[in-house]
Amino acid sequence: MSKFNRINTLTGWLVFAVALVTYLLTVERTASFWDCGEFIACSYKLQVPHPPGAPLFLLIGRLFSMLAMGDVTQVAYWVNLVSVMSSAFTILFLFWSITLLARKLLDKKDGDLSLGDTVAVVGSGLVGALAYTYSDSFWFSAVEAEVYGLSSFFTAIVIWAVLKWERIEDDAAANRWLIFTFYLVGLSIGVHLLNLVTIPALALVYYFKKYKTPTMWGGIAAFVGGLIVLVIINSGVIVWLPSTAGKFEIFFVNTLGAPYSVGIVFFIVAFIGALVWGIRYTAKKEKEVWNTALLSFAFVLIGYASYFLVLVRSNFNPPINENDPSDVISYVSYLKREQYGSRPLLFGPVFTARPVNSERGEPIYRKANGKYIIADYRPEYVYEKNQQMLFPRVHSNQMNHPQLYRDKLGLAEGQKPSMGDNLSFFFSHQLGHMYWRYFLWNFVGRESDEEGAGGLRPWDTSKGLPDVMANNRARDNFYMIPFLLGLLGIVGQAFRRKQDLLVTGLLFMMMGIALVVYLNSPPVEPRERDYIYVGSFYIFAFWIGLGVMFIYDFLTKLLPSAPVRAGLATVIGLSAPLLMGAKGWDNHDRSHRYHSVDFAKNLLNSCAPNAILFTGGDNDTFPLWYVQEVEGFRTDVRVCNLSLLGTDWYIGQMKRKTYESDPLPISLDYENFAAGKNDIVPFYEMPAVKNGINLKEYMALVKQNNAAIQVPLTSGEMTSILPSSVLVLGINPDEVRKMNILKPELSTFVKDTMQWTMGKRDLYKSDLIMLDIIATNDWKRPIYFSGTLTNDNYLNLKEFMQLEGYAYRLLPVRVPGASDGYVNTDIMANNLMKKTFWRELDNVHSYYDGTYKGSPAFSARIAFMRLVDQLIREGKTAKAKEALNFILTKMPDKTIPYDQITANYVNYLFTLGETKKALEIAEVMSHRAEEILKYNQQHGVNQDTNIQLYILQTLSNACREGKQEAQAKKYETLLQQYMTALGG
């Protein structure tokens, strides 16, 4: 080993250690929001998460979870370390990749490198690797149990392996490296598909090595060949193989009468046999290229074999078993990610398009009586040509997307977008907002951690900004230093190694802009998506490192001493990662953050024993899964996710016992909720039951597929309908009173029927199942609705609900005047003040981003607002004061800034005699509101304007109620001033 190689190796491990220590110090100690709770739970017990499943990540996560040594509260930390370790190794291979490219700029052998060359090359790797270590998006994923850290590791090691392969002269050894690379690609499929997009660019490395006099057409052919390899793996291995296996299975079972799984076994044996024969034949005939290609393909399959975990574990029916891929048909659907649908890429409808016809697509099979029968067909919608366009970017007609398109493009209602509008959306939103904005976050600066935050340029100072914006911890200005270094690296590569620039440039494009085109983002996403493009940012880190080589070369005439030149270039380059690390530490340090898990526990502890809890999206449900599956917390409560309750597999799982939770009381059979059956139950009023239909009788008719409540579809098939907007549920008042689920003063409101208006709306399958549960339950188990649900999810039953914490309990009584649920102060005070968790939420060193300032903070503050309000109404002022001071202490302004809910606390503080505290909070909130409104007025923006006006109005009213006329007048004056100025 040459002297350079020893230095290169040791420095690489030093950079690895720096990254490892950084991520160890800032890693989250428990389960973050979004998918982390699900991944940790599924790793711990090897369960089946949402498609595509990431089985290799789960297997590695399971191994790491064992290091918790039985302490379930430490499992999340150890699974998070999968990302920590893989991210640190990403930095290691990034360093070695940069030094490989830097050496090529010098065009010298390792043994011929001078001291100055060595320092410059190693300095390049050091600067580029550390810059990526502290880049915003990569650092975010490196400290939580998500797949992106491990996915980045595979991207890094694959690129390094190809660059390493390029330097090997011996063909036999080089082929082994090539096969190893494809094995890594196969393994990476079990984590994330991002790795695959590197293949077309890396094909150029193969071409440039094999052909000493490359041509433009040869390069194009190599790139196209790489695209073909990408298609073979993405569409062939991942999709075509399991789909073909499924067709063999259906043929063997349905046509030949074979038992289940025989067709699968036959296909696997035949396919492997053909592959083995091909490998042996090409070896015998000394067809080196074909033999290497078949071996590489075989190793891709070996890596891909981690997906058998999904099939095996699903057959054990674990509590988390998304899509239930336990047989070949559902398994194929799982692998193909069919539940997510597809987005048009080259040609398709725009958001104003309406289908003129619906054709039968692929059949949906299910097992029945030893056969695979067709349960339904996937619809394929037909549109007129004038409703479609090439390269459709404005395509989504879901939710509020059409209105958002119109707002962004200035289109009138009903106006069809032109190609100009389409391209404008592509460049401004999909490229600008959903890619270049994220690029600026990482290498130029970031405005804040608020949703939609922009980049921060060197000349963007904090002068004149509201305090909440100026002091936002995620406001990081890098003064374009990393970006400029990257530009210098591009220029240096362009002059010295055009072929390498072509390769790195294509890698940058494929993992950035090409992904933007492929993903075809709608006008709004549930959260920021910068983590998707970290591969592109990884390549830019190459150029940041190579910027040191440019400076080293540029200083030649100024500084004759090469070691001095190299040292100075490295020091200049290190300013980038040092600045990024110093600026980014406070908003990436999650070491004191626990409230995602505590929020889940607080929600579960809002429920009575053996409850049924209806929840909504990912951040409602995944933390609950984590605390139940990993920490074993409140496993008596059955969490029922309404986003999944519209699927037959999930309903079937809800009908099974899980831990201490008995099966949910669902009377409908599988035939009533199978895929394609009762997906939507349209409202179709029947005069005979216009004034109301008995819910139990209605559910019985649905179960019987009774023609009395069915109408024909255009296809000729029959479907159940909702014949009345009014539902009636019989109640036995004596039985209800014996259950002791009502406060004594409410028992007088109990009637022998419960009647409410659903509204003239269609029912989705999830609504139908909820109604079935309510009807079948007969009040035997407590039924709760999470306070974070949308209004539609409550089925217009709020008047029959009792708020007991973060959740509403359904009761057989309507309390007069309680349109937003009745507050049971006895239960709620006990739940909120004695059964809740608030670890580190008052720690000024804790960092909470917009996710925590949203639903978790709102849920807590609204719950206490409702509790305090009701306590005051009941004359329990001492208890109300205790509750109000409790939440103000547990969730202080210094960690979770006061919001519009807190503004309502001011009135309660006046009422409870806490005048000084009320005025202090009012002054803090009014000052912030004034700063934000003044900023909005000066800059012509509308960020949170209505919220700040609401706060001023609420404070003014509270001060007037509290006999603080001077303050009330002050806030009223501010309100009127900015309402006039901003048109609020």
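Provided above is the structure to which this section pertains.
Residues numbered from 1 in each chain as written. Predicted model: local features only at pLDDT ≥ 70, side-chain atom pairs only at ≥ 80, totals over all residues. Heavy atoms only, no water.

Phe614, Leu645, Tyr698, Trp756, Phe785 and Leu810 are the most contacted members of the largest nonpolar core, which totals 291 residues. Not counting residues up to four positions away in its chain, the partners in contact with Phe785 are Leu613, Phe614, Met770, Ile774, Asn793, Tyr794, Met801, Ala807, Tyr808 and Leu810. (Core = buried A, V, L, I, M, F, W, Y, C linked by side-chain atoms within 4.5 Å. Buried < 20%, exposed > 50% of the residue type's maximum accessible area, 1.4 Å probe, protein only. Contact = heavy atoms within 4.5 Å.)

One can find Glu804 in the loop between strand 17 (801-803) and strand 18 (807-810). Buried within the structure, Glu804 lacks any salt-bridge partner; its nearest side chain of opposite charge belongs to Arg809, at an N-O separation of 4.2 Å. Setting aside residues no more than four positions away along its own chain, Glu804 makes contact with Ser606, Tyr784, Arg809, Ile827, Met828 and Asn831. (Helix = DSSP H or I, 4+ residues; strand = E, 2+ residues; numbered from the N terminus. Lys, Arg positive; Asp, Glu negative; His and termini not counted. Salt bridge = Lys/Arg side-chain N within 4 Å of Asp/Glu carboxyl O.)

On to the pairing of strand 18. On strand 18, burial covers both faces: Ala807 and Arg809 on one face and Tyr808 and Leu810 on the other are all buried. Where strand 16 (residues 783-786) and strand 18 come together, 3 bridges link them in antiparallel fashion. Each residue of the ladder has a partner; that of Ser786, found in strand 18, is Ala807. The antiparallel pairing of strand 17 with strand 18 creates a hairpin that spans 3 residues between the two strands, and Gly805 there sits at a positive phi of about 150°. (Pairing = 2+ DSSP bridges.)

Taken as a whole, this structure holds 39 salt bridges when the rule is applied. In this structure, Asp553 and Arg496 form a salt bridge, with 2.9 Å as the shortest nitrogen-oxygen distance. Taken together, the residues Asp553 in helix 21 (residues 534-554) and Arg496 in helix 18 (residues 481-496) connect sequence positions 57 residues apart. Given a relative accessible area of 43%, Arg496 falls into the partly exposed group. What you see here is one network of salt bridges that share partners, running through Glu28, Glu144, Arg590, Arg593 and Asp849.

What follows is about the sheet that holds strand 10 (residues 693-694). As summarised here, the arrangement of the 3 strands in space is 10-13-14, forming an open sheet in which the pairing is mixed. Looking at which strands have only one partner, the edges of the open sheet turn out to be strand 10 and strand 14 (753-757). Where strand 13 (residues 726-730) meets strand 14, 5 bridges bridge the pair, whose relative direction is antiparallel. In the strand pairing of strand 14, Leu727 is matched with Trp756.

Quick look at unusual backbone geometry now. Pro52 follows Pro51 through a cis peptide bond whose omega is 5°. Looking at where Pro52 falls in the secondary structure, it is placed in the loop between helix 2 (36-45) and helix 3 (55-65). Although it is not a glycine, Asn705 sits at a positive phi angle of roughly 55°. Along the chain, Asn705 turns up in the loop between helix 27 (695-703) and strand 11 (710-712). Residue class for Asn705 comes out partly exposed when judged on its relative accessible area of 30%. Positive phi values are uncommon outside glycine, yet Glu840 reaches one of about 60°.

Applying the stated rule across the entire model yields 71 aromatic pairs. Relative to Trp543, the ring of Phe540 lies with its centre 6.0 Å away and its plane at 90°, an arrangement referred to as edge-to-face. Taken together, the residues span about one helical turn, with Phe540 and Trp543 both in helix 21 at a distance of 3 residues. Taking the relative accessible area as the measure of exposure, Trp543 reaches 4% and is therefore buried. What links up through ring pairs into an aromatic cluster is the set Tyr435, Trp436, Tyr438, Phe439, Trp441, Phe443, Phe483, Phe508, Tyr533, Phe537, Phe540 and Trp543. Lying across the ring of Trp165, Lys209 places its NZ or CZ 4.4 Å from the centre. For the cation-ring pair, Lys798 lies above Tyr794, with the distance from its terminal atom to the ring centre recorded as 4.4 Å. (Phe/Tyr/Trp six-rings, centres within 6.5 Å; stacked < 30°, edge-to-face > 60°. Lys NZ or Arg CZ within 6 Å of the ring centre and 35° of its normal.)

We now examine a negative patch on the surface. A cluster of like negative charges, contributed by Glu169, Asp170, Asp171 and Glu288, occupies part of the molecular surface. As for its position among the elements, Asp170 is in the loop between helix 7 (148-166) and helix 8 (171-189). (Patch = residues over 30% accessible without salt bridge, like charges linked within 9 Å, V, L, I, M, F, W, Y side chains within 5 Å. Areas by Shrake-Rupley, 256 points an atom, 1.4 Å probe, with all protein chains shown as cover. Charge placed at Lys NZ, Arg CZ, Asp CG, Glu CD.)

Pairing is mixed in the open sheet, where 6 strands are placed in the order 8-7-16-18-17-19. Each edge of the sheet is formed by a strand with only one pairing partner; in this case those strands are strand 8 (638-641) and strand 19 (822-823). With 2 bridges joining them, strand 17 and strand 19 adopt parallel strand pairing. Considered in strand 19, the bridge of Gln802 is made with Tyr822. Packing against the sheet, helix 24 (residues 618-629) makes contact with strand 7 (612-615), strand 8 and strand 16, and its axis sits at approximately 155° to strand 8. Contacts between helix 29 (residues 765-777) and the sheet are confined to strand 7, strand 16 and strand 18, with strand 16 contributing the most and set at about 150° to the helix. (Axes fitted to C-alpha atoms, helices over the stretch in contact; angles between N-to-C directions.)

By themselves, these are just geometric observations and shouldn't be taken as functional.
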